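So you can see what is in the structure, the chains are spelled out below.
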Amino acid sequence: MRIDLHTHSRASDGTQSPEELVHAAVAAGIDVLGITDHDSAEGWAAASAAAERTGLQLVRGMEISTRHDGHGVHLLAYLPDPTHPELVSELDQVLEGRSSRVPAMVARLRSLDIDITEDDVRRASGHSAAAGRPHVADALVTLGVVADRDEAFARFLDRGRPAHANRYASPLRTMIRVVAEAGGVTVIAHPWGRHGQERPDEAALAELAALGLAGIEVDHQDHGPRSRDKLRAIARNLGLVATGSSDHHGAGKVDHELGCNTTDPEQYAALLTRIDAAAAASSRTAPLVINRENNL
Ligand SMILES: [Zn+2]
Ligand SMILES: [Zn+2]
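The structure reproduced in this document is the subject of the present report. Within any chain, residue numbers begin from 1 and follow the written order of that chain's sequence. Working convention: letters from A go to chains and numbers from 1 go to ligands, in the order in which they are written. The predicted nature of this model means local features are confined to residues of pLDDT at least 70 and side-chain atom pairs, given and counted, to a pLDDT of 80 or more, with totals for whole chains, interfaces and linings taken over all residues. No hydrogens and no water enter the side-chain calculation; it runs on all heavy atoms of the structure.

1. Some remarks on unusual backbone geometry
Worth spelling out the cut-off: The numbering of helices and of strands both runs from the N terminus, where a helix is a DSSP run of H or I of at least 4 residues and a strand a run of E of at least 2.
The step from arginine 199 to proline 200 runs through a cis peptide bond, and the omega angle for that step is 0°. The omega torsion across alanine 286 and proline 287 is 0°, close enough to zero to call that bond cis. Summarising the element assignment, proline 287 is placed in the segment after α10 (265-281). Positive phi is not limited to glycine here, since aspartate 69 has a value of about 50°. Its location among the elements puts aspartate 69 in the loop between β3 (57-68) and β4 (71-78). Phi at histidine 190 is positive, roughly 25°, even though this residue is not glycine. Assignment of secondary structure puts histidine 190 in the loop between β6 (185-188) and α8 (202-210).

2. Digging into the coordination of the zinc ion (ligand 1)
Spelled out, the test is: Coordination shells were defined by N, O and S atoms within 2.8 Å of each metal, extended to 3.2 Å for Na, K and Ca; water is absent from the atom set, which can make sites look incomplete. Buried, partly exposed and exposed residues are distinguished by accessible area as a fraction of the type maximum, computed with a 1.4 Å probe on protein chains only: under 20%, between the cut-offs, and over 50%, respectively.
At 2.1 to 2.2 Å from the zinc ion (ligand 1) lie its protein donor atoms, namely Glu63 (OE), His74 (ND1) and His190 (NE2). The buried category is assigned to glutamate 63, whose relative accessible area is 1%. Since its relative accessible area comes to 13%, histidine 74 is described here as buried.

3. Remarks on the pairing of β3
Just so we agree on the cut-off: A strand pair is defined by DSSP finding two or more bridges across the two strands.
Among the twelve residues of β3, eleven are classified as buried, and the element is accordingly described as predominantly covered. The pairing of β3 with β4 spans eight bridges and is classified as antiparallel. The partner of isoleucine 64 across the bridge, within β4, is leucine 75. Following β3, the chain reverses through two residues before pairing antiparallel with β4; aspartate 69 in that reversal takes a positive phi of roughly 50°.

4. Looking at the packing of helix α1 (residues 18-27) against helix α2 (residues 44-54)
The line we're drawing: The axes used here are C-alpha line fits, helices contributing only the stretch in contact, and every angle between their N-to-C directions lies in the interval 0 to 180 degrees. Handedness of a helix crossing follows the sense of rotation of the near helix relative to the far helix, less than a right angle counterclockwise being left-handed and clockwise being right-handed. Here a residue-residue contact requires only that any non-hydrogen atoms of the pair lie within 4.5 Å. Each residue receives one of three labels: charged for Asp, Glu, Lys and Arg, nonpolar for Ala, Val, Leu, Ile, Met, Phe, Trp, Tyr, Cys and Pro, and polar for the others, Gly being one of them.
Relative to each other, α1 and α2 sit at 35°, their axes nearing to 7 Å. Crossing geometry of α1 relative to α2 is assigned as right-handed. Contacts between α1 and α2 involve Pro18, Glu19, Val22, His23 and Val26 from the first element and Ala46, Ala47, Ala50, Ala51, Arg53 and Thr54 from the second. Tallied by class, residues from the contact of α1 with α2 come to seven nonpolar, two polar and two charged.

5. A word on the coordination of the zinc ion (ligand 2)
Formally: In short, tetrahedral needs four donors with all angles between 85 and 135 degrees, square planar needs four and octahedral six donors with opposite donors over 155 degrees apart and all other angles between 65 and 115, and whatever is left is irregular.
Those donors, His6 (NE2), His8 (NE2), Glu63 (OE) and Asp247 (OD), are the protein atoms that reach the zinc ion (ligand 2), and they lie 2.1 to 2.2 Å from it. Geometry at the zinc ion (ligand 2) is irregular, judged from its four donor atoms and the angles of 80 to 171° they form at the metal. A gap of 3.6 Å separates the zinc ion (ligand 2) and the zinc ion (ligand 1), which glutamate 63 links by coordinating each metal. Taken together, the residues span a long stretch of sequence, with glutamate 63 in strand β3 and aspartate 247 in the loop between β8 (241-244) and α10 at a distance of 184 residues. In this pair, the class of glutamate 63 matches that of aspartate 247, namely buried.

6. Side note on the nonpolar core
Let me state the cut-off plainly: Put simply, a nonpolar core is a bunch of buried Ala, Val, Leu, Ile, Met, Phe, Trp, Tyr and Cys residues held in one set by side-chain atoms that sit within 4.5 Å of each other.
Counting 39 residues, the largest nonpolar core has Leu33, Ile64, Leu87, Ile188, Leu213 and Ile216 as the members making the most contacts within it. Ranked by the residues each element gives to this core, the list is headed by helix α7 (residues 172-181), at five residues. Every residue in contact with leucine 213, bar those within four places of it in the chain, is listed here: Leu75, Ile176, Thr186, Val187, Ile188, Leu205, Leu208, Leu240 and Arg274.

7. Regarding the side chain of serine 48
So the rule is basically this: We call two N or O atoms a polar contact when they sit within 3.5 Å, provided that within protein one can donate a hydrogen and the other can accept it, with sequence-adjacent residues counted only if both atoms are side-chain atoms.
Assignment of secondary structure puts serine 48 in helix α2. At 2.6 Å, the side chain of serine 48 and the backbone oxygen of tryptophan 44 are in polar contact. Those residues within four positions of serine 48 in sequence are excluded, and the remaining contacts are Leu58, Arg60 and Ile290.

8. Observations regarding the environment of alanine 46
Note on placement: alanine 46 falls in helix α2. Alanine 46 sits in the partly exposed class, given a relative accessible area of 24%. Residues alanine 46 and aspartate 201, spaced 155 residues apart in sequence, show a C-alpha to C-alpha distance of 38 Å. Aside from chain neighbours lying at most four places away, what touches alanine 46 is Pro18 and Glu19.

So, in structure tokens, the structure goes:
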């Protein structure tokens, strides 16, 4: 049984529609797929309909941008009630933060006497709804302010540089609680992946486990073999589920093909146990795992 619990569609920054993602998963021999777009359940309905038609087992989730001790942490939330008021309000703030970040960066650059406008950034992004920091950098290149993206980041846009703007991210501890109240379970995505440091460490993960964290994503392209071994041992010590997944983005991210990392069926069974407990502890009756009876 091939289980891939972390993938993206066009509902966030993947390149496939939710239906295309489901069909690609079937074609790739995936039995259980998690759809986990950033900060959004927008792709759930279309993915669910496609899963119903194909028989694919589908776990609906999202990857939420959180902050923990000053660092960004991606938190996978599986099967929370997406209409839970506190969850909705946190996600709204995250999404708003994304769209207000470009104006904030442009305003800071203008205050440095750089003649850049939001239109310049929109043009650089090809009028994408997801315009962000790389597009501000590209606009600075087009305007001749810097030679390339790297210079734009180093001089202006990196954390600590004068045009850097933070985006809102929910506090991790809060989000673990909110997702639990919404009847879902939480797994930290690629915990050691983005910065190459072993952080959060075992003590920090123990504290998060006590708050209700259900698992950590161990097998991910951003983790080398040594990190995977250490994280697997930590998961075992703390009674956390160890998941594995592709973090597939369609053509949007190379070397993240569907099923390139998978979750062990025993670990998935443990996650399902946590999912059932979370649903029982809350008042939610939906969403459920689609086609859960299949392939077991
Ligand atoms: Zn991520
Ligand atoms: Zn992801």
